[in-house]
Every structure is written in structure tokens, then in C-alpha cells.
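The lines below spell out each chain.
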Amino acid sequence: MSKVWLLVLVIFYSSLPSKGTNNVSTRPSSVNVGAILSFNSTIGRVAKVAIQAAVDDINSNATILNGTKLNISMLDTKLSTGFLGIIDSFLLMESDTVAIIGPQYSVMAHVISHIANEMQVPLLSFAATDPTLTSLQFPYFVRTTQSDLCQMAAVTEIVDHFRWRDVVAIYVDDDHGRNGVAALGDKLAEKRCKISYKVPFEPSDNITPEEINSALVKVALMESRVIVLHIYPSFGLKVLHAARSLGMMGSGYVWIATDWLSTVLDSDPSLPTSPDMNDIQGVITLRMHTPDSDIKKKFISRWKKLSQKEDPNQDPSGFNIFGLYAYDTVWVLASALDAFFKSGGTVSFSNDSSLNMLIKRDTFHLDTMGVFADGDRLRKKILEVNRSGLTGQIEFSADGNLVNPSYEIINVIGTGIRRIGYWSEASGLHTGEGPNHSNSSGLYGVIWPGQTTQTPRGWVFASNGRPLKIGVPLRISNREIVSKVEGTEMFGGYCIDVFTAALNLLPYPVPFKFIPFGDGKTNPLNSDLLHMITNGTFDAVVGDITITTNRTKIVDFTQPYIESGLVVVAPIKKLKSSAWAFLTPFTPMMWFVTGMFFLVVGAVVWILERRINDDFRGPARRQFVTIIWFSFSTLFFAHREKTVSALGRLVLIIWLFVVLILNSSYIASLTSILTVEQLSSSVKGIESLVISNERIGFLRGSFAENYLTEELNIHRSRLVPLNCASEYEKALSDGPANGGVAAIIDERAYMELFLSTRCEFGIVGQEFTKMGWGFGFPRDSPLAIDMSTAILKLSENGDLQRIHDKWLTRSACSSEGAKQGIDRLELKSFWGLFLLSGIACFIALLCYVTRMAYRFSRHSNTNLEGSSRSARLRSFLSFVNEKEVEDKCRPKRRRKEKCSCKKVVHDEDGSLDDSIVRVHIENNVTAQC
């Protein structure tokens, strides 16, 4: 009987046309298509039915392929991802196959893609999600499903959304698992996250529970509690069951499963009622999103009939999303073939003689394999397909992947699942109705393992019982900042109090131990202290550590808890107030111009008013005095002369506004000069230090040395390292001439403590850097983030300021008494003003007495002749005490008229004093008495 079958095969192969150049008509009656599946797998069972249904629908549709039938050959790889799949691909190549649907597994796709490249036969895979299956290496591989690169981007968005930084990756150790986790690592790195631990599993369904438990025990000892599970559906539930038995599905854990779990949930209708459901409570999984449509609903409604037609023993409800992609894959190929034939493509194969020499075997007749002559044209037509299918719009990008990938984010709750959001390449995470129409970013609330709604922290301290080793600099100065308590292992100071207060705000206990760093004789270098974190000696550093760019490259810092930029401190002296300080607000030129404008405005108003205003008329002497008086009286708004003309009032209004501005400016400037303490220093700030050649002091071990040399280009020979406040004081007091320094550059926090008891020095210029102090932690440490949040809380509730006031606020030079002494004004600031006023009074009295003496001498020559000196003095005093009658005579006409005025003065007893009656006659005026 075997000889009969052998004869049949010989006749069959001999009847095949020769392969020299086998041309078929442009539109053949049928084309051969292959499919490589694993019929008994979760995905393969569904894909087999869907592919056959698509072939039947296409062959019965007259609008596609124009009568050309698809002949589908589906081969079962028997759950194998390796050799059997390769053999199946060879078998399909022997039968003039124009395209192969599959393979199902990424491992197999890597191998078969090499064969497809040689044979120029396109591979259309609906399930191989390995992101390294790129079009550059495998141009004939076309992925008709979504790549794991997109899925890992969605996982990364979830991790970043909940602000986790470390994850543990559990994966199958083959191309599918390794490359998927590699893509996850790349995406996490973009968000400054990382995979802290990897757990590979053997790519076999025969993995034992002991192997699973051994791997999970190591995971439980890790700090990270965020676990990404990227394995096959065949043993994924076994891993979750083992995790639950080890207590790893309780509160505090986060499990993110890739789309294998949603595939299992969709394919197994009995799972929600089985005990296995307890193993996956609170797990987050992903599912490729396919929008709802009528054709999708119709296909799902006929699924029961299709599955029973293919296999009466198959459960009709076991349907998953890969069935939709498998169905659409066949339609993509049919659309491409239709376009291929319309463009003049032909199904022709040619022998490759060099290939036949290598692979010719009697058993498989591999010499019959031929190269698809127009395979490249068909590949291009496949990538040009743009149609609507069961999975939505089908369109390929330039790299051969589907455009607009999107995923549903699913939370397993109770006996079912709940969609908590979407991820799409365009919109990221959101809770909108569709993947590309987001209403709000983020996700809905999640029920986490342990039946809690509180978002897990995502990490814990390693379960080894070791407290954190906190490095503290052992400084010899500024003990208010940080210092070791004598005779104990304890530390105190501002930095220590801030650190412990922040720890107390954390929602979890943190065991720690302070470890001193330094010899206690010189200040240790902060850079050396931070490097102790990188080599694992310290788990953190607490102290006056300035956050700089170079330091952030090796460690992570918390939020700054104090601002402390660099300042310049130099000797200062107080400027004593001058007796002529009231002249200081205006420059000499300003005084001159102001005075000239007073005279000019007075003259202009006199010119405008003299013809119509009697106050501006009279003798020349009187008019001159009026101009002077009117001009300067505007300074006080006290002029008695009225302005009548409109022009005069306009000039006066504008001038009064100018006087108002001048007066206000003068008062403000004079107030500042007299009340603000004026300090003087030969050093004006950092700019003057840079251009000078003076020596500059700095704190040994601080970052100031590198900053001055690298950023400000100050030569190191000018820099003098100092250790403590006493050395600061001595160096500044000696000065550069005596081996000291002209100034010291250090951080403001140190300098404020130094200056609190040393009033002969002060800060000159502005603070020329903006920096702060922070606590150092290893790179990507989650504790650094929590401590930053705690420091912000300390700042908001006022505790940070109270700690600052406790340690860093001092009252010496800046005490209230000293401030009052500065604000009080002394006589020495005003004696110049009093001198001017006294001189004016003296000159006025001297002129008055001189005038009175002259007048008295005129009338006393005849009446007091022979009188004694005392009588003459009494007579002079009586003369001065007399009331002088105003001269109310007005010139009326230029003619000589007599006008006599009598002044009658009574004695104290009421009698007339005839001796002092005077008659004054003016020959040229008329007087009225």
C-alpha cells in the first residue's frame, strides 16, 4: 500500500510544471495562501476559526478578487515555537504560496522571516508582537496587530501616572519576553523610571511550581512592589496563584499584566466562577482596543455557529480579541491581492539554482521551492491597504506597523473586570469614551490587591532588617547647622531637626542610623561625602549639602529646605552724618537751576501782573522785593500777592506742581539720608573682587572654590581656604596687606551666623548665586521623592520656619535697641541748619538795631543834649517801644502839597507827652492822618 502512495506522489510531482520560469495568467482562478498556527493554544483555537470564516466570506464575495479564489492551507505547530514551525514554512513554500498568515509566535517569526526574505513571500502575523520584528531587518514581515512597543509605552504611562519609579519585570526568556521587557526598560528610562529586578522564566509549559516559588521569593525581598508580568497565557495563572500563596497579592503590591491576561479572561468563560479568580483580584491588565461597529457585532453574533462548524466540541463562547485581528488579516491580504492583480501583477515563481544546491533533499523535495517573482509588489500593496475592518481602521505606517494603536486599561474586580481608562499614542492615559477622544487625563479609581482603594506606595524597605546608614559631615564650625553631641552618638543642629521632622511626616517608619564623616579637625569635602552614596557606603547624606549641577549627576536631592546663595563679606565702616547733610539730596547744579527758576518764575509773573495788579506796582525797590518774596514764597504756598491774569495763574499752577514734586523728592531723599545707616567698604561686591588682585577667603571643603575658579575665572593663588569663624575674623581684620584677605565668599546661612556677633563686618553687594541645601539619596530613590513632599509640608505648616528661628536666628547687631539707635536723629546732623537760622536772626537784628539807632540819633540831637547816658538809654528804649504808624499816604499827583501828620503818644498815666510829639511834613506827597 505504501508503494501505491509513493507512486501517486511521484506522478503528482512529475505533473507539476517546471520551475524555470513558471508564469500564471494575470488573474488566476485561485491563489495559495498558508497559515501557521498552534491549534490547541488560547489564541490559535480562535484564530483558526476566524481565518477560515474570512476565507469563506471572501470566496463568496463577488466584489473582491474578481472571481479568484483563496486556497488556505493551515498547519498546526503543536504548541511548538521552533523547529516544527520552520518545517511547516518549508512545506508551504513548496506549493507556490503567495503569502503566509502567521506565524503565531514571535520566536518562530524571527526564523521564518529570514526564509520569507529569501523567497520574497510576505508574512502577515496577527499575534507576533515582538517589537524587534522591524521592517528594516525583515521587510517581508507585516504585523497586522499592535506591537509590544506600544503596549510597554502604555505600561510605562501607568507607572508614571501613579509616580512609581522602580518595577520588577517577570517574563518568559525568549525573543517575545526579552525584547518586550527591553522595550519596557527603554520606555521607563524616558520617564526616569527603571526595571530594578528581572525574573526570567523558562519558555516552556512544563515549568514546575517550585521554580515559580523560588523566583517569587526573590521578588518579595526586593524594595519594589510594582510587578510587570509579561509571559504566555498558558502558565500566567500559575504564577499569580503562586504569588497569592506567598502573600504577594495583598495590600501594598501592584501587579500589571500585559494583554495575555485579558486574552485568558475573554477566552475562558468559566474563569469568573472558578477559584482561580481569587488569584487575580486587583490586577491591572491591558487589552487591544477595537471600537464598536455593526460589522463587529454581526461577526461576534455568528461566532457560535462558526466555531461549532469548525469544531463541534469547541466551546463557542471562548472568543478573544485575536480572532478579530486574524479575520482582518485575511481581508487585508485579499485587498492587497486584488490591487496587485489590478496593477498587472502575476503569480510567478522562479528557481534559485544556488538555493537548490544547498537544500535539495529527497525527503521534502525542497528543490521545488521557488522565489515569488512579484513578491515585493505584493508586499507594497499590503502596506498600502487602508480599509475598515472588525478591529477598526486598518492602515500601516512606513515601518509596517498599524497606525493609531490604543489599549484598554482593565482592573480585575470580584467576578468580573472593569475598564478604568484608555491609552493611545496620541492622547496617553485618559478616561474618554474612545481612545482618541479624551475627556480627561488619568484613570478612574482602581481596586488594588488587598481590596484597597488607596494607591500603593510601590516600594518598601528591603526585608533584611538593616537600618539606613545616613552620612553626616563632622564639621568644626557652624555647630548650629549640624554637630555631634559631645559624649554621645547623637547629632543635633538645624539640618538634623529638619531631617527628623520630615521623617516623622512619612506614612511609614524609616529605620536609620547617623554615621559621622570626617576627622573632626578639618571640614570634610561634601563631594567626597556624596560619592560615598554611589559606592554604597551610605544610603543617604544629611547636612549642609548645597545642590549643584555636578552633584545632581551622581545623586538625587530632595526639595531644598533652605536657600543659601554665595555672598561677599568684607570689613565695613559707618559713615557719620554731616552737618550739611540737608544739602545732599540735590547736586550743586540742581540747587543752582532750582534757584534760578524761582527768580525766573517770579519775574514772569511780575511782568504778566504789573499792569493790572496793584500788588506788583510801586517803587522799583518795592517791586524787586515783591518779585523775590513772591518767587520763594511759592515753596510754602504762603504768598500774599494775588494773581489776577489768566496767564499768570497758568504759569503759577504749573510752577506750583513743579515745586510740589521738588519738595516731595527732597523730603524723601533727606529722610533716607538721615534715617538709614550708611555703610562704606572698599569692596563693592563680587564684580570688584573679580577684577582686583586681592586675596579672597572661602570655607574649606565647600563648592565655592570650584565655582570661583571655574565660573568666575579667579586664579587659585588668590584663594585662601579657611576652617572656622575665628579664622574668618582674623583674616578679615588683618587685611590683604598683613597676610589676610580682602573679603570672604561663603553661603548666606553661614555668613548670617558669623555677622550676628561681629558688627565690624558686613555683606556687600548682592547675593550672586541662587542655590539651596538638600538631603542626598541614591539615584532614583523613591525615598527622595517622599522626603521632598514632607519638606513641602513642613514649609506649608510653618514648622520649617520655626526650626530656622530656633537655630539660625540671632539678636546682636540686628537687635531692637541697635535698630532704634540707628533710627534716632542726633543734633550733629542738624547744627548746620540751626547755624544758618541763627546767622539770619543775628543779621536781621543787627540791621534793625542799626536802623533804630540811626533814627533815634536824628531826633535826639536837640532834645537830649546834656542828658546822662542812662537817660539817653531809657529814651532810646522808649523810642524803640513806640508803635510806628503805617504810612498810608498814596501818591496822587505830581505837585507839592503839605501834609502834616501828628502822632500823639500818651504817658502811662494818660497825660500827653509833649516832648515826643513829632510833626513830619513831606513836601511832595499828600498825607492823611
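Residues numbered from 1 in each chain as written. Predicted model: local features only at pLDDT ≥ 70, side-chain atom pairs only at ≥ 80, totals over all residues. Heavy atoms only, no water.

### Some details on the overall build of the protein
Assigned secondary structure in the protein consists of 29 helices and 35 strands. Counting all 929 residues of the protein, 46% fall into the buried class. A sequence separation of at least 24 residues applies to 72% of the contacts in the protein between residues at least 6 apart. Summing over all exposed atoms, the protein offers an accessible surface of approximately 47800 Å²; the carbon and sulfur share of this is 55%. (Helix = DSSP H or I, 4+ residues; strand = E, 2+ residues; numbered from the N terminus. Buried < 20%, exposed > 50% of the residue type's maximum accessible area, 1.4 Å probe, protein only. Contact = heavy atoms within 4.5 Å. Areas by Shrake-Rupley, 256 points an atom, 1.4 Å probe, with all protein chains shown as cover.)

### Remarks on helix H24 (residues 748–755)
Of all eight residues in H24, six are buried, a share of seventy percent or more. Listed as buried for H24 are Ala749, Tyr750, Met751, Leu753, Phe754 and Leu755.

### Topic: unusual backbone geometry
With an omega dihedral of -5°, the bond running from Gly102 to Pro103 counts as a cis peptide bond. With respect to the helices, strands and loops of the structure, Pro103 is situated in the loop between strand S3 (97–101) and helix H4 (106–119). The backbone of Leu65 sits at a positive phi, close to 70°, despite the residue not being glycine. Considering the arrangement of structural elements, one finds Leu65 in the loop between helix H2 (42–59) and strand S2 (69–76). Of note, Gln451 is a non-glycine position whose phi angle comes to about 60°, a positive value. Tracing the chain through its elements places Gln451 in the loop between strand S17 (428–430) and strand S18 (468–473). Overall, Gln451 belongs to the exposed group, its relative accessible area being 54%.

### Side note on a nonpolar patch on the surface
There is a patch of nonpolar side chains on the surface, built from Met589, Phe592, Val593, Met596, Phe597, Leu599 and Phe632 and spanning about 660 Å² of accessible area. A total of six residues in the nonpolar patch trace back to one element, the largest contributor, which is helix H18 (residues 588–609). On the basis of relative accessible area, Leu599 is assigned to the partly exposed category, the value being 34%. (Patch = residues over 30% accessible without salt bridge, like charges linked within 9 Å, V, L, I, M, F, W, Y side chains within 5 Å. Salt bridge = Lys/Arg side-chain N within 4 Å of Asp/Glu carboxyl O.)

### Remarks on the UniProt feature "transmembrane region" (unreviewed entry) in the protein
Using the residue numbers shown here, the UniProt feature "transmembrane region" (unreviewed entry) corresponds to residues 589–608, 650–674 and 830–854. Across residues 589–608 one finds 100% helix and 0% strand; the C-alpha atoms that close the span lie 28 Å apart. (UniProt positions renumbered as here; feature names shortened; annotations may be inferred.)

### Focus: the confidence of the model for the protein
On average, residues of the protein score 81 in pLDDT, and 79% of them reach the 70 mark or higher. In the predicted structure, residues 814–823 sits below a pLDDT of 50 and forms four contacts with residues beyond four places in sequence or in another chain. (pLDDT = per-residue confidence, 0-100.)

### Describing helix H23 (residues 725–734)
Residues Tyr728, Ala731 and Leu732 constitute the buried set of H23. The buried residues of H23 occupy an angular sector of 95° when the element is viewed end-on, so they sit on one face. (Arc of directions from axis to C-beta.)

### Notes on the pattern of salt bridges
As enumerated under the stated definition, the model contains 26 salt bridges in all. A salt bridge links Asp497 to Lys806; the shortest N-O distance between them is 3.3 Å. Of this pair, Asp497 sits in helix H15 (residues 494–504) while Lys806 is found in helix H26 (residues 799–808), placing the two residues 309 residues apart along the sequence. The partner of Asp734 in a salt bridge is Lys730, with the nearest N and O atoms 2.9 Å apart. Taken together, the residues span about one helical turn, with Asp734 and Lys730 both in helix H23 at a distance of four residues. With a relative accessible area of 55%, Lys730 lands in the exposed category. Put simply, Asp266, Arg287, Glu408 and Arg419 are held in one network by salt bridges that share partners.

### Things to note about the sheet that holds strand S25 (residues 566–571)
With mixed pairing, five strands are arranged side by side in an open sheet as S29-S28-S30-S25-S31. For this open sheet the edge positions go to strand S29 (719–722) and strand S31 (761–764), each flanked by a neighbour on one side alone. Mean inter-strand twist for the sheet, computed between neighbouring axes without regard to direction, equals 35°. Pairing of S25 with S31 involves four bridges; the strand directions are antiparallel. Each bridged residue has a counterpart across the sheet, and for Pro571 the counterpart in S31 is Phe761. Sheet strands in contact with H23 are S25, strand S28 (696–699), S29, strand S30 (743–747) and S31, and its direction is about 150° off that of S30. (Pairing = 2+ DSSP bridges. Axes fitted to C-alpha atoms, helices over the stretch in contact; angles between N-to-C directions.)

### Brief notes about the environment of Val541
You can see Val541 is positioned in strand S22 (residues 540–541). When the C-alpha positions of Val541 and Leu530 are compared, they lie 7.0 Å apart, and in sequence the two are eleven residues distant. Other than its neighbours up to four places away in sequence, Val541 contacts Gly471, Leu529, Leu530, Ile533, Phe775 and Gly776.

### Examining the side chain of Ser113
With respect to the secondary-structure elements, Ser113 resides in helix H4. A relative accessible area of 1% places Ser113 in the buried class. One polar contact links the side chain of Ser113 to the main-chain carbonyl oxygen of Ala109, over a distance of 2.5 Å. Setting aside its immediate chain neighbours within four residues, Ser113 contacts Leu123, Leu133, Phe138 and Phe141. (Polar contact = N/O pair within 3.5 Å; in protein donor to acceptor, adjacent residues only side chain to side chain.)

### Side note on the side chain of Ser41
Turning to its location among the elements, Ser41 is positioned in the loop between strand S1 (30–37) and H2. Classification of Ser41 by relative accessible area gives buried; the value is 7%. Within the local environment of Ser41, its side chain forms a polar contact with the side chain of Gln104, the two groups lying 2.8 Å apart.

### Comments concerning the pairing of S2
Where S1 lies against S2, eight bridges are found, and the strand directions are parallel. Residue pairing in the sheet places Val31 in a bridge with Leu70 of S2.

### Section: the environment of Ile256
Looking at where Ile256 falls in the secondary structure, it is placed in strand S9 (residues 254–257). According to the relative accessible area criterion, Ile256 is buried, its value standing at 1%. Residues Ile256 and Val226, 30 residues apart in the sequence, show an inter-C-alpha distance of 7.6 Å. Excluding its chain neighbours within four sequence positions, the residues that come into contact with Ile256 are Val155, Ile158, Val159, Val226, Ile227, Val228, Leu229, Ile284 and Leu286.

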